[in-house]
Amino acid sequence: MASYDGLVSTVLWAIFVIQVIEFSHSNASTNVSCIGAEREALLKFKHGLTDPSRRLSSWTGEECCKWEGVECNKKTGHVLKLDLHNPCIEEINIKVFVPSNKCMLGGNIVLSLTELKYLKYLDLSVNNFSTQKIPTFFASLQKLEYLNLSHASFNGNIPRQLSNLSKLQYLDLSINFAMGDLTSNDFDWVSKLSSLKYLHMSGVNLSKVKDWIGCINMLPSLQSLGLSFCGLQDISSSLQANFTSLRFLSIGANNLSSIPPWIYNSSKLEHIDLSNRYKFIFFDGIQGPFPTAIVENNQRLVFLDVSWNLIRGDFPKNLSSLCNLQLVRLEGNNLNGNISDILGDSLGCAQSKWKIFDVSDNNISGDMPNQFGDFKELEYLDLSSNLISGSIPANLMELSSLRTLGLHRNGFTGEIPNCLSNMPTIFVIDLSDNEFTGRLPPFGPQSPDLAMINLEKNRFVGGIPPQYCQLKYLKFLSLAQNYISGPIPNCFDGILSMANETKEYSDGIYVDVKVNTKGTSQIYGNTLRYFHSIDLSANMLDGQIPKEFTKLVRLQNLNLSQNKLSGYIPSNIGDLKNLESLDLSRNKLSGTIPPGISSIDFLSHLNLSFNRLSGPIPSGNHLHTVDDESVYRGNDRLCGAPLLNTCPGYEPPGSDGRDGDNFGGDKPSEGDLDIRNWFYAGLGPGFTVGFLGFCSVLHFKGSWRVSYFQAMDKAIEKFSMTTVITMLWFKRTFPRRKKELV
């Protein structure tokens with residue numbers, strides 16, 4: 001026992017000594033300074049750049065290893081890493097962030113960068129180097145293992161010399177379609193990057209590359225391949241490819257007419273993206289039956305997206321047996337079959353990980369299965385535009401994490417389960433264009449994040465639940481074309497996202513804007529930030545228009561048409577300065593049109609027809625865009641332009657039946673006719689003589705001529721300045737509106 005204790009003590013003492021030595025060594029190594037030649041090379045590199053946000057303001061002094069984005073070897077002092085990617089981001093949508101232009105580096109990348117001979121990591125992504133091509137001297141950085149030039153706006157051909165980077169493991173040259181235009185006519189240089197594990201070149205023009213898959217097949221360690229929207233052509237079906245390490249694949253939106261057969265044998269794939277987001281713009285997409293072999297051979301599959309192609313046939317059965325699957329996007333194809341068959345008889349996994357399931361815009365039929373309630377992590381469910389019928393399973397909404405529920409345009413029937421209004425995470429609900437009955441779900445504080453409710457084109461009855469007024473994040477509400485009755489609740493100013501003019505009331509979620517097969521837009525996601533709408537049209541609502549509507553200052557569309565509303569139009573309707581569309585037609589509204597309606601700046605659609613309105617139509621510049629007579633049709637007591645009936649007290653001369661020049665109403669005498677004839681006959685010669693006389697005076701009288709042309713110059717100059725100012729005003733105003741409408 002004593003010898004054992006001594007051995008333990010010796011081992012512990014040895015460990016302590018080793019740690020002390022390592023600590024001393026690490027302290028010594030931290031004192032190593034950067035190499036002077038490399039510091040000078042970095043300063044020359046900085047001098048060639050434009051840096052509007054002064055990101056590189058720390059690049060001063062002797063110790064370059066402490067500069068922003070620079071990392072050195074702690075033992076030798078050589079620069080190993082240069083990370084100058086754009087770090088600034090801005091929110092453009094509901095939890096959607098993009099890089100900010102404010103922090104983009106630009107200018108020229110100078111040759112001094114080649115002095116960093118030990119550089120392993122170079123990241124210049126998401127900057128703006130649109131004035132130059134990818135420098136060929138990058139090929140001399142032969143120790144590079146990581147090169148990221150994605151979305152940096154480089155132009156021209158990719159230099160073939162990059163093939164010299166034999167140690168390169170990560171290469172990303174993906175481009176932003178709006179900035180940059182990279183091309184490559186062959187892939188021989190790629191085949192020589194034998195250490196490559198990550199290759200992403202999405203957006204690069206590869207339409208002239210013939211044997212692209214053969215070259216990529218020469219990369220034995222490749223794990224991630226991204227070549228979407230590259231113009232890739234079909235390859236021979238007999239070509240054998242062996243991607244034994246490939247886990248991530250994204251080759252959608254290309255000129256591929258069928259799924260390459262080598263994908264079926266890539267058994268380690270976890271991410272497959274063959275989607276065709278540009279189906280209606282560029283490419284028809286992949287054709288043929290659903291690739292069931294891909295699903296059967298890839299039990300590791302996490303992400304599957306073959307949306308917006310021309311794939312036909314039945315769905316694979318028992319898709320839920322893939323225990324790692326989190327995202328399934330198959331929308332926009334010609335798939336059919338029963339929705340229950342996709343899920344199978346049971347989950348097949350102890351806990352399903354599905355988060356996104358979208359099979360909209362297909363021909364799926366059957367009743368909605370109860371198994372959906374077993375997907376506890378499901379956040380996005382879209383079955384829209386199919387042939388699914390039956391009722392919504394109650395267990396779909398119980399301890400559920402759904403954020404988006406889309407069942408638009410199916411054959412659902414029955415009443416909505418009460419638990420639908422008690423989903424704390426729900427963000428978007430679209431149950432429109434079905435056969436739902438019963439009362440409207442009382443959405444309210446139990447669903448605090450709701451931003452969109454679309455229940456139009458159903459058979460709902462009863463009144464509008466006042467709980468809707470407590471949805472402070474609501475941006476889109478449509479209850480149109482139902483059988484809703486009763487008054488409109490007078491509490492709509494509680495919807496703070498529409499009433500607050502400055503603060504955004506929103507919460508994050510996976511959302512999507514997409515186009516269905518008929519070309520109409522689904523109102524999901526990105527639209528919500530820019531579109532604030534309330535549509536209660538084509539119901540049986542009565543009572544007055546609540547004055548609380550006029551407090552929704554961010555409202556862009558208000559449609560209350562085809563109801564039984566009475567009373568007056570709120571006098572301060574003009575407070576809705578952002579209103580673009582207002583439809584109050586086919587009601588029983590009376591009284592005059594409030595003058596403030598002419599001050600709504602962006603109003604482009606107005607319909608007040610078929611009411612009981614009276615009095616003069618307001619005049620104003622902002623109503624010139626809605627001066628069609630049909631806007632006011634069916635209001636017999638309205639008067640004024642653009643209607644033909646004139647308001648009392650505004651009759652033009654002769655409106656009482658008497659001619660302005662002949663109060664007796666008799667025919668003019670022959671003498672009067674002669675006088676008029678001689679008057680008009682003398683106009684032509686008189687004008688000619690006067691014009692020639694004026695020109696003669698200017699010709700012979702020099703001082704008059706100079707004064708005349710000086711006056712004309714001043715008038716032209718004033719007119720030109722007015723025109724320029726007007727054009728500048730339009731340029732400032734309309735681009736702002738265009739951004740708001742995107």
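As the structure is a computational prediction, the values presented were derived from the model and not from experiment.

A.B. asks: I tried to follow the pattern of salt bridges on my own but got confused; where do I start?
C.D. replies: Side chains carrying opposite charge are able to pair once their charged atoms draw close together. For the structure shown, the criterion picks out 10 salt bridges. Where Asp493 meets Lys551, a salt bridge forms, and the shortest distance between an N and an O atom there is 3.7 Å. Taken together, the residues Asp493 in the loop between β32 (483–487) and α7 (496–499) and Lys551 in the loop between β34 (540–543) and β35 (557–559) connect sequence positions 58 residues apart. Residue class for Asp493 comes out partly exposed when judged on its relative accessible area of 25%. Overall, the relative accessible area of 48% leaves Lys551 in the partly exposed class. Three or more residues joined by partner-sharing salt bridges are found here, namely Arg329, Glu331 and Asp358.

A.B. asks: Please explain the packing of aromatic side chains as it appears in this structure.
C.D. replies: Each pair of aromatic rings is reported with the distance of its centres and the angle of its planes. Enumeration according to the criterion identifies 19 aromatic pairs in this entry. Centroid distance Phe476 to Phe531: 6.1 Å. Interplanar angle 35°. Geometry classified as tilted. Taken together, the residues span a long stretch of sequence, with Phe476 in strand β31 (residues 476–478) and Phe531 in the loop between α8 (526–530) and β33 (533–535) at a distance of 55 residues. Under the relative-accessibility criterion, Phe531 is labelled partly exposed at 29%. Ring centres of Phe492 and Phe549 lie 5.2 Å apart, and the angle between their planes is 40°; this geometry places the pair in the tilted category. Taken together, the positions of Phe492 in the loop between β32 and α7 and Phe549 in the loop between β34 and β35 put the pair 57 residues apart, joining distant regions of the chain. The rings of Tyr121, Tyr146, Tyr170 and Tyr198 are connected pair by pair, giving a single aromatic cluster. The cationic tip of Lys81 hangs over the ring face of Tyr121; the distance from NZ or CZ to the ring centre is 4.5 Å. The side chain of Arg586 reaches across the aromatic face of Phe610, ending 4.4 Å from its centre.

A.B. asks: Help me understand the pairing of β32, please; the structure alone is not making it clear to me.
C.D. replies: Across a regular strand the side chains alternate sides, sitting on one face of the sheet and then on the other. Summarising the sheet, strand β30 (residues 461–462) and β32 pair through two bridges and their orientation is parallel. Within the sheet, the bridge partner assigned to Val461 lies in β32 and is Tyr483.

A.B. asks: Before we go on, may I ask you to explain the confidence of the model for the chain in this structure?
C.D. replies: If pLDDT is low for a region, its predicted coordinates should not be looked at in detail. For the chain, the average pLDDT comes to 81, and 75% of its residues sit at 70 or higher. Counted against residues more than four places away or in other chains, residues 652–673, with its pLDDT under 50, gives four contacts.

A.B. asks: Which parts of the structure should I look at to understand helix α2 (residues 36–47)?
C.D. replies: Every α-helix carries 3.6 residues per turn, so stepping three or four residues along brings you back to the same face. With 12 residues, α2 extends 17 Å between its outermost C-alpha atoms, agreeing within 8% with the 16 Å of an ideal straight helix rising 1.5 Å per residue. Within α2, the full set of buried residues consists of Glu38, Arg39, Ala41, Leu42 and Phe45. Taken down its axis, α2 places every buried residue within 160° of arc, on the same side. Turned more than 90 degrees off the buried face of α2, the exposed positions are Lys44 and His47. Elements in contact with the buried residues of α2: β1 (49–50), β2 (70–72) and β3 (79–83).

A.B. asks: I would appreciate a short explanation of empty space enclosed by the protein in the present structure.
C.D. replies: Over the atoms, a rolled probe matching the size of one water molecule traces out where space is still vacant. In total, this model carries one cavity of 30 Å³ or more according to the counting rule given. Of the voids in this model, the largest cavity is the one considered here, and its volume is about 60 Å³. In terms of residue class, the lining of the largest cavity is made up of six nonpolar, five polar and no charged.

A.B. asks: Honestly, a nonpolar patch on the surface in this entry has me stumped. Any pointers?
C.D. replies: Together, Val461, Tyr483 and Met540 line one region of the surface with nonpolar side chains, adding up to about 260 Å² of accessible area. Mapped onto the elements of the fold, Met540 is located in strand β34.

Here is what the cut-offs are and how they apply
Residues numbered from 1 in each chain as written. Predicted model: local features only at pLDDT ≥ 70, side-chain atom pairs only at ≥ 80, totals over all residues. Heavy atoms only, no water. Salt bridge = Lys/Arg side-chain N within 4 Å of Asp/Glu carboxyl O. Helix = DSSP H or I, 4+ residues; strand = E, 2+ residues; numbered from the N terminus. Buried < 20%, exposed > 50% of the residue type's maximum accessible area, 1.4 Å probe, protein only. Phe/Tyr/Trp six-rings, centres within 6.5 Å; stacked < 30°, edge-to-face > 60°. Lys NZ or Arg CZ within 6 Å of the ring centre and 35° of its normal. Pairing = 2+ DSSP bridges. pLDDT = per-residue confidence, 0-100. Contact = heavy atoms within 4.5 Å. Expected span 1.5 Å × (residues − 1). Arc of directions from axis to C-beta. 1 Å grid on protein atoms, 1.4 Å probe; cavity = no way out; pocket = protein on both sides within 12 Å on 5 of 7 lines; lining within 4 Å. Points joined across faces, edges and corners; volume = space filled by probe spheres on them. Nonpolar A, V, L, I, M, F, W, Y, C, P; charged D, E, K, R; others polar. Patch = residues over 30% accessible without salt bridge, like charges linked within 9 Å, V, L, I, M, F, W, Y side chains within 5 Å. Areas by Shrake-Rupley, 256 points an atom, 1.4 Å probe, with all protein chains shown as cover.

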